[in-house]
Structures are given as structure tokens and as C-alpha cells.
Amino acid sequence: EVQLLQPGAEVKKPGESLMISCEASGYNFSTHWIGWVRQMPGRGLEWMGIIYPADSDMRYSPSFQGHVTLSVDESTNTAFLHWSSLRTSDTAMYYCVRSSVSTMTNSPPDYWGRGTLVTVSS
Amino acid sequence: QSVLTQPPSVSGTPGQKVTISCAGSSSNIGSNYVHWYRQVPGAAPTVLINWNNQRPSGVPDRFSGSKSGTSASLTISGLRSEDEADYYCAAWQEGFYVFGSGTTVAVL
């Protein structure tokens, strides 16, 4: 069974850094793109980017390029989303998603994690 | 502002058929597949329709998808109370995915 395990919540102050994780299991981690989707409070879904674990090739939405960084650790089947300097506007739920078709860059998300609620407040 | 445009809400009575539209452009829907997701409040989204009109295992056949040109639609035939949720379309656009603005379905 495919599972994407995420921590439930993180609370940070503006300007602080943060890395959230997504531990994958139940499939070949290396050959499926894995990525992140943001949902701000009361708002819709926004695709942020994906990374291919086998070679760390990445695709970012222009809306998020330069503000977040994706990475993976193949030894632990874990994907990461990193901010070097958080803003209050980063307050949102962040879902980890797996792309459905092995090796295919533009395959849609099929499995979703339960999400990590990031709260940025002074 | 979302790249794919959906109506904010649709409603119907139990047993009715409702359709949710998703309008895009030649750079997304016009040249790529459309996928649909459902999100119940407080939960993560789940996939409803893939590749324009394919239902993953476990999705009832009351749900169907179609695409024509730069638009797509999701139809729920035989609306049920448990269909109350938010629905999102998605499509690939020149190197990344874009989601629709989302539609809330209400069962009256």
C-alpha cells in the first residue's frame, strides 16, 4: 500500500527557515516523481513543484520558483520542502503528492499525504 | 488567480445530474490531459478522474469526465448527499501543473 507520511503541523516565525518531510513507502521511491501542493486557508490547490528521486531533476511552478527548494533522500525514501526565510503568507497546508506513472514527468498526482499545516506568525 | 476557471459552486437535489466545467487554454487543456480531484472538508484531495475520462479503481461510475478543445467537464449522475465536496480540475502546462479554482458541490 502506497503511503506518504507527513508531520501534522509546524509553527514558525517570519524570517525563520523550515524543512518539512514526506516519508514514502509501498512503491519504488526512486522512479516516481514526488512533489508538493499548497492550500492556503479557505483557498484552492496550488501545484508547487516535483522532483525525481533517481537524479534530483526538478520542475517548479513559476509561482514558487526561488522561494522554496525541493530535495530527496533516497536512503530513507523521504522528500523535503525547504524555506530559507518564511513569510506570514506561507501559512498554509502543504500536501506531499506522488506522480502516478513511473518515470513520467507530467503524470498527475495519485496518492496524497495528509498534509502538514505550516503556521508562520510573529 | 487560477489558470483554469471553474464555477464557484453548483447544486442539485439527490438523484439529479450536475456538471462542473473547467475552462483553460491551448497551453494547458488544449494540449494535455485533464484530471479531476475531490476534497472533502478537512481531508486531503483524492483522485476522481484521470486522463480526461478514466476512473481509478473504487470511483463510482456516477462520475464521468470529458474534454473538448480547451475545456473539460466533470459530470455527477445521480447526485448523492456524500458527493458534497470541493472539486478541482488539473492539467499540465508547459512544465508544471495548474489547478482549477475549485467548485463546491451542494446537495439540496
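Residues numbered from 1 in each chain as written. Chains lettered and ligands numbered in written order. Predicted model: local features only at pLDDT ≥ 70, side-chain atom pairs only at ≥ 80, totals over all residues. Heavy atoms only, no water.

Enquirer: Would you take a moment to explain the packing of aromatic side chains for this structure?
Expert: Taken as a whole and judged by the stated rule, the model has 10 aromatic pairs over all chains. A ring pair is formed by Tyr95(A) and Trp112(A), whose centres lie 5.9 Å apart and whose planes are at 70°; its orientation type is edge-to-face. Taken together, the positions of Tyr95(A) in strand β9 (residues 92-99) and Trp112(A) in strand β10 (residues 109-112) put the pair 17 residues apart, joining distant regions of the chain. Trp112(A) matches Tyr95(A) in its accessibility class, with the two residues each being buried. Here Tyr33(B) and Trp51(B) contribute two aromatic rings whose centre-to-centre distance is 5.1 Å and whose plane-to-plane angle is 90°, an arrangement assigned as edge-to-face. Of this pair, Tyr33(B) sits in the loop between β2 (18-23) and β3 (34-39) while Trp51(B) sits in the loop between β4 (46-49) and β5 (63-68); the two residues are 18 residues apart in sequence, bridging distant segments of the chain. These aromatic residues form a ring-pair network of at least three members: Tyr95(A), Trp112(A), Tyr37(B) and Phe99(B). The positively charged end of Arg98(A) is found above the aromatic ring belonging to Tyr27(A), 4.7 Å away from the centroid. (Phe/Tyr/Trp six-rings, centres within 6.5 Å; stacked < 30°, edge-to-face > 60°. Helix = DSSP H or I, 4+ residues; strand = E, 2+ residues; numbered from the N terminus. Buried < 20%, exposed > 50% of the residue type's maximum accessible area, 1.4 Å probe, protein only. Lys NZ or Arg CZ within 6 Å of the ring centre and 35° of its normal.)

Enquirer: Could you clarify how one ought to interpret the interface of chain B and chain A in this entry?
Expert: When the parts come together, some accessible area is lost, and that loss is often what is quoted as the size of the interface. Taken residue by residue, the interface counts 16 residues in chain B and 25 residues in chain A. Summed over both partners, the interface of chain B with chain A buries about 1,600 Å², with 69% contributed by carbon and sulfur atoms. The three residues of chain B that bury the most area against chain A are Trp92(B), Tyr97(B) and Phe99(B), which together make up 35% of that side's buried surface. Put simply, chain B and chain A have 0 salt bridges between them. Scanning the region where chain B abuts chain A turns up 6 residue pairs in polar contact (both at pLDDT 80 or more). Of all elements in the fold, only β3, β7 (85-93) and β8 (96-99) of chain B reach the threshold of two or more residues within the side of chain B that touches chain A. (Contact = heavy atoms within 4.5 Å. Buried area = accessible area lost by both parts, 1.4 Å probe. Salt bridge = Lys/Arg side-chain N within 4 Å of Asp/Glu carboxyl O. Polar contact = N/O pair within 3.5 Å; in protein donor to acceptor, adjacent residues only side chain to side chain.)

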